[in-house]
Amino acid sequence: MPGFMEILDKIDILILRELQKDAKLTTKELAAKVNLSPSPVFERQKRLEREGYIKKYVAVVDPIKTGNGIMVLCNVRLKHHSKEFSRQFTSVIADIDEVVECFNTSGDYDYQLKIYARNMQAYQEFVLGTLGDMDCIGSLHSIFVIGEVKNTLSVPLKA
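My aim in this report is to walk through the structure given alongside it, one point at a time. Nothing here was measured: the structure is a model prediction, and the numbers come from that model.

### Some details on the overall build of the protein chain
A count of helical and extended segments in the protein chain gives 5 helices and 4 strands. Secondary structure elements in the protein chain, listed N-terminal to C-terminal, are α-α-α-β-α-β-β-α-β. Considering only contacts in the protein chain between residues 6 or more positions apart, those separated by 24 or more positions represent 66%. Of the roughly 11,100 Å² of accessible surface on the protein chain, 54% is carried by carbon and sulfur atoms. Computed over 21 positive and 21 negative side-chain charges, the inter-centroid distance for the protein chain is 7 Å.

### What to know about the sheet that holds strand β4 (residues 137–144)
Taken together, 4 strands build an open sheet; the order of strands is β2-β3-β1-β4 and the sheet is antiparallel. Because the sheet does not close on itself, it has two edges, and the strands there are β2 (99–104) and β4. Shown here is a sheet whose adjacent strand axes are inclined to one another by a mean of 20 degrees, direction ignored. Where strand β1 (residues 70–78) meets β4, 7 bridges bridge the pair, whose relative direction is antiparallel.

### A closer look at the packing of helix α1 (residues 10–21) against helix α2 (residues 27–34)
Relative orientation of the contacting elements α1 and α2 amounts to 125 degrees, with a least axis distance of 10 Å. With respect to their mutual orientation, α1 and α2 come out oblique. The way α1 lies across α2 gives a crossing that is right-handed. Here α1 contributes Ile11, Leu14, Ile15, Glu18 and Leu19 to the contact with α2, which in turn contributes Leu30, Lys33 and Val34. Here the contact of α1 with α2 is composed, by residue class, of 6 nonpolar, no polar and 2 charged.

### What about the nonpolar core?
Judged by nonpolar contacts, the single largest core of 22 residues is most densely connected at Phe89, Ile93, Leu113, Ile115, Tyr123, Phe126 and Leu131. Elements supplying a minimum of two residues to this core: β1, α4 (83–93), β3 (111–117) and α5 (120–129). In terms of residues, this core owes the most to one element, β1, which gives 5 residues. Excluding residues that lie within four positions of it along the chain, Phe126 makes contacts with Ile96, Glu98, Val99, Ile115 and Leu131. If you look at the next biggest cluster of nonpolar residues, it comprises 13 residues, including Ile13, Leu19, Ala31 and Leu48.

### Regarding the pairing of β1
Where burial is concerned, most of β1 is hidden: 7 out of the 9 residues are buried. Looking at chain direction, β1 and β3 are connected through 7 bridges and run antiparallel. The residue of β3 that forms the bridge with Cys74 is Leu113.

### Digging into the packing of aromatic side chains
Per the counting criterion, the structure on display carries 3 aromatic pairs. With a centroid separation of 5.5 Å and 85 degrees between ring planes, the pair formed by Tyr123 and Phe144 is classed as edge-to-face. With Tyr123 in helix α5 and Phe144 in strand β4, this residue pair connects regions lying 21 residues apart in the sequence. The structure contains a cluster of three or more aromatic residues connected by ring pairs, namely Tyr123, Phe126 and Phe144.

### Brief notes about the packing of α1 against helix α3 (residues 38–50)
The angle between the axes and the distance between the axes are what describe a pair of packed helices. Packing of α1 against α3 brings their axes to within 10 Å, and their N-to-C directions diverge by 80 degrees. Classified by the angle between their axes, α1 and α3 sit roughly perpendicular to one another. Seen from α1, the contacting residues are Ile11, Asp12, Ile15, Leu16 and Leu19; seen from α3, they are Val41, Arg44, Gln45, Arg47 and Leu48.

### What to know about a nonpolar patch on the surface
Taken together, the side chains of Val58, Val60 and Leu153 make up a nonpolar region of the molecular surface, amounting to roughly 320 Å² of accessible area. With respect to the secondary-structure elements, Val58 resides in the loop between α3 and β1. By relative accessible area, Val58 is classed as partly exposed at 49%.

What counts, and at which threshold
Residues numbered from 1 in each chain as written. Predicted model: local features only at pLDDT ≥ 70, side-chain atom pairs only at ≥ 80, totals over all residues. Heavy atoms only, no water. Helix = DSSP H or I, 4+ residues; strand = E, 2+ residues; numbered from the N terminus. Contact = heavy atoms within 4.5 Å. Areas by Shrake-Rupley, 256 points an atom, 1.4 Å probe, with all protein chains shown as cover. Lys, Arg positive; Asp, Glu negative; His and termini not counted. Charge placed at Lys NZ, Arg CZ, Asp CG, Glu CD. Pairing = 2+ DSSP bridges. Axes fitted to C-alpha atoms, helices over the stretch in contact; angles between N-to-C directions. Parallel < 35°, antiparallel > 145°, perpendicular 65-115°, else oblique. Left-handed = near helix turned anticlockwise from the far one by under 90°. Nonpolar A, V, L, I, M, F, W, Y, C, P; charged D, E, K, R; others polar. Core = buried A, V, L, I, M, F, W, Y, C linked by side-chain atoms within 4.5 Å. Buried < 20%, exposed > 50% of the residue type's maximum accessible area, 1.4 Å probe, protein only. Phe/Tyr/Trp six-rings, centres within 6.5 Å; stacked < 30°, edge-to-face > 60°. Patch = residues over 30% accessible without salt bridge, like charges linked within 9 Å, V, L, I, M, F, W, Y side chains within 5 Å. Salt bridge = Lys/Arg side-chain N within 4 Å of Asp/Glu carboxyl O.

Below, the structure is given as structure tokens:
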């Protein structure tokens, strides 16, 4: 089975790179950046969307300016490794606004959550009130982010 990257040519990769930098580019602007006319660029972009290479377009919002003063990486260990506990945990987590990312992980913990909160008190209330009410959770380990060195949504692309 061929890998996904085998289907993409250099122009497709250039389009993806440019859109990762600025998803608001018009077709005309994007065409100029990849040295192609607007019509084929439009068709390629639509194909990349249709085939799932481009999942969606989003605005990246500044958490500090929106009142989310702290970021926490919270490692979660379930009480037991069972389908029931895993389903229960993931279905509840999916609907919690404070949790912006959730990863099922290997190692000492079962999941890692990326959480935004207004302040330490809000995080404490979140842990005690929201996560603390989940019977499937065995233990938590919170890591408070002091500073961000790198934060990108870009996926590495090789031509």
